[in-house]
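Structural overview
Read off the chains here:
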Amino acid sequence: MDNHRKSVGVIASLWRFPVKSMGGEKVQELEICAHGVVGDRAYALLDTATGKVVSAKNSKLFPDLLKCRAEFITPPGRFETVPHVAITLPNGDWVRSDQPGANEKLSTFWGRQVMLIQTAPDDFTIDQFHPDLAGLDPSDNRNTVVSQKLGAALFKSVGMDSPVPAGSFLDVFPVSVMTTSTMRKLKALAPDSCFDEPRFRMNVVIETPDEGFVENGWVGQKLALGETTQLSVAMLDPRCVMTTLAQTGLPQDLGVLRTLVAHNRVALPGMGQFPCAGVYAVVQTEGKAQVGNTVEM
């Protein structure tokens, strides 16, 4: 091991999410390129009436979106066309992206005209619901839906270079990382709530021996995932209503966010204070990540 490197743990699990805001795939290996995890958030639904990308962050308009399960028909490859995806709806019905009438079937399920797309609009915007919880949003939006730009559109609106390419459905940064230390800490603080990893929808979950919110000290550091892949930790991950929503095997629980507000509300440069869990990262060196890989800082 490089003398300048320090082991922080091992990769416990890896996830990719073929369709934005739907349940994802827990896999043994991920291919990671400059723009993030290959196949991650490759598709999304578009609300044709509003022109906005459909998100579970507006669960009042699209309930049970998180209970949909999305899986690639064949594994995605870095230099290949994005494969078709199969979506299993909460009622047990399923639809494939290459199936005639797929958009009509999805529209019927939600009672709104939607279409499955592979490229985010230039003005990538969602509707985000802010629950009635003090300390969640620096602008103090409470019990209301707010229009929110994401991805390259967000960075363009504030005059900054975007770490994700135009057309990507990623919210802010290419890769998301979280430790088991953070989940253990949250469970200790609020034993009646469930902090299982599907709540947080991270790409990489690292089994770490340390205690507490260890990622808080990782910003600005580099992480090596195995022999080749290297990430640079860009910022803490501010959490939203998504972590509280019901999904397969997990009940709705506002206590998840309430615990983060009370115990890990952190000032993010130029943004205000947010409840945080995990970190966002950019890719320094492309490669693969496998469950069991040693993670070094």
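Each remark here, short or long, concerns the structure printed above.
Source: prediction; values computed, not measured.

Time to look at the pairing of strand 17 (residues 265–268). Here strand 17 shows a buried face lined by Val266 and Leu268 and an unburied face lined by Arg265 and Ala267. Two elements, strand 17 and strand 18 (residues 272–285), share four bridges in a ladder whose sense is antiparallel. When the sheet's bridge partners are listed, Arg265 is paired in strand 18 with Pro275. Once strand 17 ends, the chain turns through three residues before running back antiparallel as strand 18, passing Gly270 with a positive phi of about 75°.

What follows is about the nonpolar core. Counting residues in hydrophobic clusters, the biggest one holds 32 residues, and the most contacted among them are Ile32, Val177, Val204, Trp218, Leu223 and Leu225. Of all the secondary structure elements, the ones that give two or more residues to this core are strand 1 (7–16), strand 3 (29–33), strand 13 (175–179), strand 14 (204–207), strand 15 (222–225), strand 16 (229–238), strand 17 and strand 18. At six residues, strand 18 tops the list of elements feeding residues into this core. In contact with Val177, not counting residues within four places along its chain, are Met202, Val204, Ile206, Trp218, Leu223, Leu231, Gly278 and Val279. Counting 27 residues, the second largest nonpolar core, distinct from the first, contains Met22, Tyr43, Cys68 and Phe129.

Among the six residues of strand 11 (residues 125–130), six are classified as buried, and the element is accordingly described as predominantly covered. Here strand 11 shows no split at all, with Thr125, Asp127 and Phe129 on one side and Ile126, Gln128 and His130 on the other all buried. Pairing of strand 11 with strand 12 (residues 144–149) involves six bridges; the strand directions are antiparallel. The residue of strand 12 that forms the bridge with Ile126 is Gln148.

Take the sheet that holds strand 5 (residues 44–47) next. With antiparallel pairing, three strands are arranged side by side in an open sheet as 6-5-10. Sheet topology places strand 6 (52–53) and strand 10 (114–117) at the edges, where each strand pairs with a single neighbour. As paired strands, strand 5 and strand 6 are joined by two bridges and run antiparallel to one another. Within the sheet, the bridge partner assigned to Asp47 lies in strand 6 and is Lys52. Against the sheet, helix 1 (residues 102–110) makes contact with strand 5 and strand 10, and its axis sits at roughly 130° relative to strand 10, the strand it touches most.

Take the sheet that holds strand 4 (residues 36–37) next. Judged by pairing direction, the sheet is antiparallel, and its three strands sit side by side in the order 4-3-19 without closing on themselves. Each of the sheet's edge strands pairs with one partner strand only, and the pair in question is strand 4 and strand 19 (287–290). Pairing of strand 3 with strand 19 involves four bridges; the strand directions are antiparallel. Paired with Ile32 across the two strands is Gly287, which belongs to strand 19.

The next subject is the environment of Cys194. Inspection of the secondary structure assignment puts Cys194 in the loop between helix 3 (180–189) and strand 14. A sequence separation of 67 residues divides Cys194 from Val261, and the C-alpha atoms of the two residues are 16 Å apart.

According to the stated counting rule, one finds six aromatic pairs in the structure shown. Ring geometry for Trp15 and Phe17: centres 6.1 Å apart, planes at 5°, overall stacked. One exposure class covers both Trp15 and Phe17, and it is buried. When the ring of Phe124 is compared with that of Phe169, the centres are 6.0 Å apart and the planes differ by 90°; the resulting orientation is edge-to-face. Within this pair, whereas Phe124 is found in the loop between strand 10 and strand 11, its partner Phe169 is found in the loop between helix 2 (151–157) and strand 13, the two being separated by 45 residues in sequence.

So, on to the environment of Leu260. Note that Leu260 resides in helix 4 (residues 255–263). With 15 residues separating them in the primary sequence, Leu260 and Pro275 have C-alpha atoms 5.1 Å apart. In contact with Leu260, other than residues within four places in its own chain, are Leu186, Phe213, Arg239, Arg265, Pro275, Cys276 and Ala277.

Moving on to the pattern of salt bridges. This structure, assessed with the given rule, holds 18 salt bridges. Note that Asp171 and Lys20 form a salt bridge whose closest N and O atoms lie 2.5 Å from each other. Of this pair, Asp171 sits in the loop between helix 2 and strand 13 while Lys20 sits in the loop between strand 1 and strand 2 (25–27); the two residues are 151 residues apart in sequence, bridging distant segments of the chain. For Asp171, a relative accessible area of 16% translates into the label buried.

Turning our attention to the side chain of Ser21. Tracing the chain through its elements places Ser21 in the loop between strand 1 and strand 2. On the accessibility criterion, Ser21 (3% relative accessible area) is buried. There is a polar contact of 3.0 Å between the side chain of Ser21 and the backbone nitrogen of Ala56.

Each value, and the rule that gives it
- Throughout this document, residue positions are counted from 1 along each chain, in the order its sequence is written.
- Predicted model: local features are reported for residues with pLDDT of at least 70 only, side-chain atom pairs are reported and counted for 80 or more only, and whole-chain, interface and lining totals are derived from all residues.
- Computation of side-chain values covers all heavy atoms of the structure but excludes hydrogens and water.
- Accessibility here uses a 1.4 Å probe with only protein chains present; expressed as a share of the type maximum, an area under 20% marks a residue as buried, one over 50% as exposed, and anything in between as partly exposed.
- Put simply, DSSP H or I for four residues or longer makes a helix, DSSP E for two residues or longer makes a strand, and each gets a number counted from the N terminus.
- What makes two strands pair is DSSP finding at least two bridges between them.
- Put simply, buried Ala, Val, Leu, Ile, Met, Phe, Trp, Tyr and Cys residues joined by side-chain atoms within 4.5 Å make one nonpolar core.
- We call two residues in contact whenever any of their non-hydrogen atoms come within 4.5 Å of each other.
- Every angle, taken between N-to-C directions, lies between 0 and 180 degrees, and every axis is a line fitted to C-alpha atoms, over only the stretch in contact when it is a helix.
- Stacked, edge-to-face and tilted labels apply to pairs of Phe, Tyr and Trp rings (six-membered ring for Trp) whose centres lie within 6.5 Å, assigned for plane angles under 30 degrees, over 60, and everything in between, in that order.
- Salt bridge criterion: a side-chain nitrogen from Lys or Arg within 4 Å of a carboxyl oxygen from Asp or Glu.
- Residues adjacent in sequence count toward polar contacts only when both atoms are side-chain atoms; beyond that, a polar contact is any pair of N or O atoms within 3.5 Å, and within protein one must be able to donate a hydrogen and the other to accept it.

Keep in mind these numbers describe shape, not what the thing actually does.
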